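If you want the building blocks of each chain, they are given just below.
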Amino acid sequence: MILPLIFLCCVFHLVSAQLRVGFYNSTCPQAETIVRQAVQKQFNSDRSITAALLRMHFHDCFVRGCDASILIKSTKSKQSERNAGPNQTVRGFELIDNIKKSIEISCPSTVSCADIITLATRDAVALAGGPTYAIPTGRRDGLVSNAADVNLPGPSFTVPQALQSFTNKGLSLNDMVTLLGAHTVGVAHCNFFQNRLSPVPDNTMDPTLAAQLLKTCSKSTATAFLDQNTSFTIDNQFFRQIMLKKGILKIDQELTLDKSSASIVSGFASNENTFRQSFANAMIKMASIDILVGRAGEIRNNCGVFNPPNQKGHKVL
């Protein structure tokens, strides 16, 4: 069994090595500036765009890899990932589409939608007070998007259940705890945690918080911040909150209850710099999951639609 594992590891690093920081420096030098300015403009009017892009990026990478398959629109004959149950509340599509249109004017058929998602998320993280990091680019867009392929870790998972989903993607326990820290800017619809409030309150949740959420969730469309303290800032407050039994989702609270993850949580809660560095590293690692490079996939002209068959992979970067 050793040889296959070594082979898979080498393949991962070989593919990842084809990405590089500044991939578009010569072919579309203004690409990252266009992305950054568009995200800044959106953030100025809607700070929740950071959470929206983080969620989109995660949901894209965890299905077929970071290939922008989540952006494809469904047709009458086929449901795409975009319309799968877990993606019904994903937002940010219009922003990505607008960025793509702007880039196409300057550099037609050059910058992938997969890289636009990755860069936009990186910029939104920085605007929300998170770490600034250089992200390699050079991904290509996928040619497949099926609703049935969407199988994401759920909000009521235990740590071992969630970890299985992450390890299947080559991510570690530390990566998982770190990436769940993105909930520091997240919100959840009440139906994702209603079972923790009634008919029997979950004793792992702070009673005052539970009572407050019960009132909030009296409206069927209500949502709650996953970090009740600094809800629009990427910091370590999420970890401090869950250590006080103020985790909204079951999986968030489970991080402090499971022995395998509890020490990571306490480490992040006590040292924000440790979390920031780990978050940057985990985001870079996640953005390299099952990527398409070289001649694989395509560079879409429109992020929501596959190129016509005769244009598949029409431009090799």
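Procedures and definitions
- Throughout this description, residue numbers start from 1 for each chain and increase along the sequence as written.
- Local features in this predicted model are restricted to residues of pLDDT 70 or higher, and side-chain atom pairs are both shown and tallied only at a pLDDT of 80 or more, whereas totals for entire chains, interfaces and linings draw on every residue.
- Just so you know, side-chain values use all the structure's heavy atoms and leave hydrogens and water out.
- UniProt positions are given in the numbering used here, feature names are shortened, and annotations may be inferred rather than shown by experiment.
- Only DSSP runs of H or I reaching four residues or more are called helices, and only runs of E reaching two or more are called strands; each is numbered from the N terminus.
- Burial status follows relative accessibility: with a 1.4 Å probe on protein chains alone, a residue under 20% of its type maximum counts as buried, one over 50% as exposed, and anything between as partly exposed.
- Whether two residues touch is decided by their heavy atoms; if any such pair falls within 4.5 Å, the residues are in contact.
- As used here, the arc is the angular range of directions from the helix axis to the C-beta atoms.
- Distance and chemistry together define a polar contact, namely a pair of N or O atoms within 3.5 Å, with one atom able to donate a hydrogen and the other to accept it when in protein, and with adjacent residues in sequence counting only for side-chain atoms on both sides.
- Whenever a carboxyl oxygen of Asp or Glu lies within 4 Å of a side-chain nitrogen of Lys or Arg, that contact is scored as a salt bridge.
- Here, a disulfide means two cysteine sulfur atoms that sit within 2.5 Å of each other.
- An automatic or database domain assignment supplies the residue ranges for each domain.
- Summed over both partners, the accessible surface that disappears when two parts come together, traced with a 1.4 Å probe, is what is meant by buried area.

**Thoughts on the UniProt feature "active site" (unreviewed entry) in the protein**
(1) Moving on: When the UniProt feature table is mapped onto this chain, "active site" (unreviewed entry) is found at His59.
(2) Moving on: Summarising the element assignment, His59 is placed in helix α3 (residues 49–64).
(3) Moving on: His59 gets classed as buried once you look at its relative accessible area, which sits at 8%.
(4) Moving on: Excluding residues that lie within four positions of it along the chain, His59 makes contacts with Ile70, Pro86, Asn87, Val90 and Leu152.

**So, the side chain of Asn87**
(1) Moving on: Structurally, Asn87 can be placed in the loop between α3 and α4 (93–106).
(2) Moving on: The contacts of Asn87, once residues within four sequence positions are left out, are His59, Ile70, Glu81, Arg82, Val150 and Leu152.

**Some words on helix α8 (residues 207–216)**
(1) Moving on: Of all the positions in α8, only Leu209, Ala210 and Leu213 are classed as buried. Down the axis of α8, the sector holding all buried residues measures 100 degrees, keeping them to one side. Opposite the buried face of α8, at more than 90 degrees from it, the exposed residues are Pro207, Thr208 and Lys215.
(2) Moving on: Looking at the packing, one finds that the buried side of α8 touches β2 (223–225).
(3) Moving on: Of the residues that open α8, the one with a side-chain oxygen 3.3 Å from the backbone nitrogen of Thr208 is Asp206.

**Thoughts on the UniProt feature "binding site: substrate" (unreviewed entry) in the protein**
(1) Moving on: Sites flagged by UniProt as "binding site: substrate" (unreviewed entry) map to Pro153.
(2) Moving on: Within the secondary structure, Pro153 sits in the loop between α5 (113–127) and α6 (159–167).
(3) Moving on: If we ignore the near neighbours within four places in the chain, the residues touching Pro153 are Phe58, Phe62, Ser165 and Phe166.

**Notes on the pattern of salt bridges**
(1) Moving on: Summed over the entire model, instances satisfying the criterion amount to ten salt bridges.
(2) Moving on: Note that Asp290 is salt-bridged to Lys169, the shortest N-O span being 3.5 Å. Of this pair, Asp290 sits in the segment after α12 (272–286) while Lys169 sits in the loop between α6 and α7 (173–180); the two residues are 121 residues apart in sequence, bridging distant segments of the chain.
(3) Moving on: Salt-bridge contacts for Glu298 lead to Arg300; the nearest nitrogen and oxygen are separated by 3.8 Å. No difference in accessibility class separates Glu298 from Arg300, as the two residues are buried.
(4) Moving on: Overlapping salt bridges bring together Glu32, Arg122 and Asp123 as one network.

**Quick notes on the state of the cysteines**
(1) Moving on: According to the stated counting rule, one finds four disulfides in the structure shown.
(2) Moving on: Here Cys61 is linked by a disulfide to Cys66, with a sulfur-sulfur distance of 2.0 Å. On the sign convention where negative is left-handed, the bridge of Cys61 and Cys66, at about 120 degrees about the S-S bond, is right-handed. Across this residue pair, the class does not change: Cys61 and Cys66 are buried.
(3) Moving on: Linked covalently through their sulfurs, Cys113 and Cys303 form a disulfide whose S-S length is 2.1 Å. Here Cys113 and Cys303 share a disulfide; its torsion about the S-S bond, -95 degrees, makes the bridge left-handed. Of this pair, Cys113 sits in helix α5 while Cys303 sits in the segment after α12, and the two are 190 residues apart along the sequence. With respect to burial, Cys113 and Cys303 carry one shared label: buried.
(4) Moving on: Cysteine pairing for the protein (bonded cysteines numbered in sequence order): 1-4, 2-3, 5-8, 6-7.

**Some details on the domain arrangement of the protein**
(1) Moving on: Entries for the protein in the domain assignment read domain 1 (30–149) and domain 2 (159–286).
(2) Moving on: Taking only C-alpha atoms, the centre of domain 1 and the centre of domain 2 are 23 Å apart.
(3) Moving on: Domain 1 puts 22 residues into the contact, and the matching count from domain 2 is 17 residues.
(4) Moving on: Across the domain 1/domain 2 interface, buried area totals approximately 1700 Å², and carbon plus sulfur atoms make up 74% of it.
(5) Moving on: For the interface between domain 1 and domain 2, the tally reads zero salt bridges.
(6) Moving on: Where domain 1 packs against domain 2, one counts four residue pairs in polar contact (both at pLDDT 80 or more).

**A closer look at unusual backbone geometry**
(1) Moving on: With an omega of 0 degrees, the peptide bond between Ser198 and Pro199 qualifies as cis.
(2) Moving on: Tracing the chain through its elements places Pro199 in the loop between β1 (187–189) and α8.
(3) Moving on: Positive phi is not limited to glycine here, since Lys245 has a value of about 65 degrees.
(4) Moving on: Within the secondary structure, Lys245 sits in the loop between α9 (237–243) and α10 (250–257).

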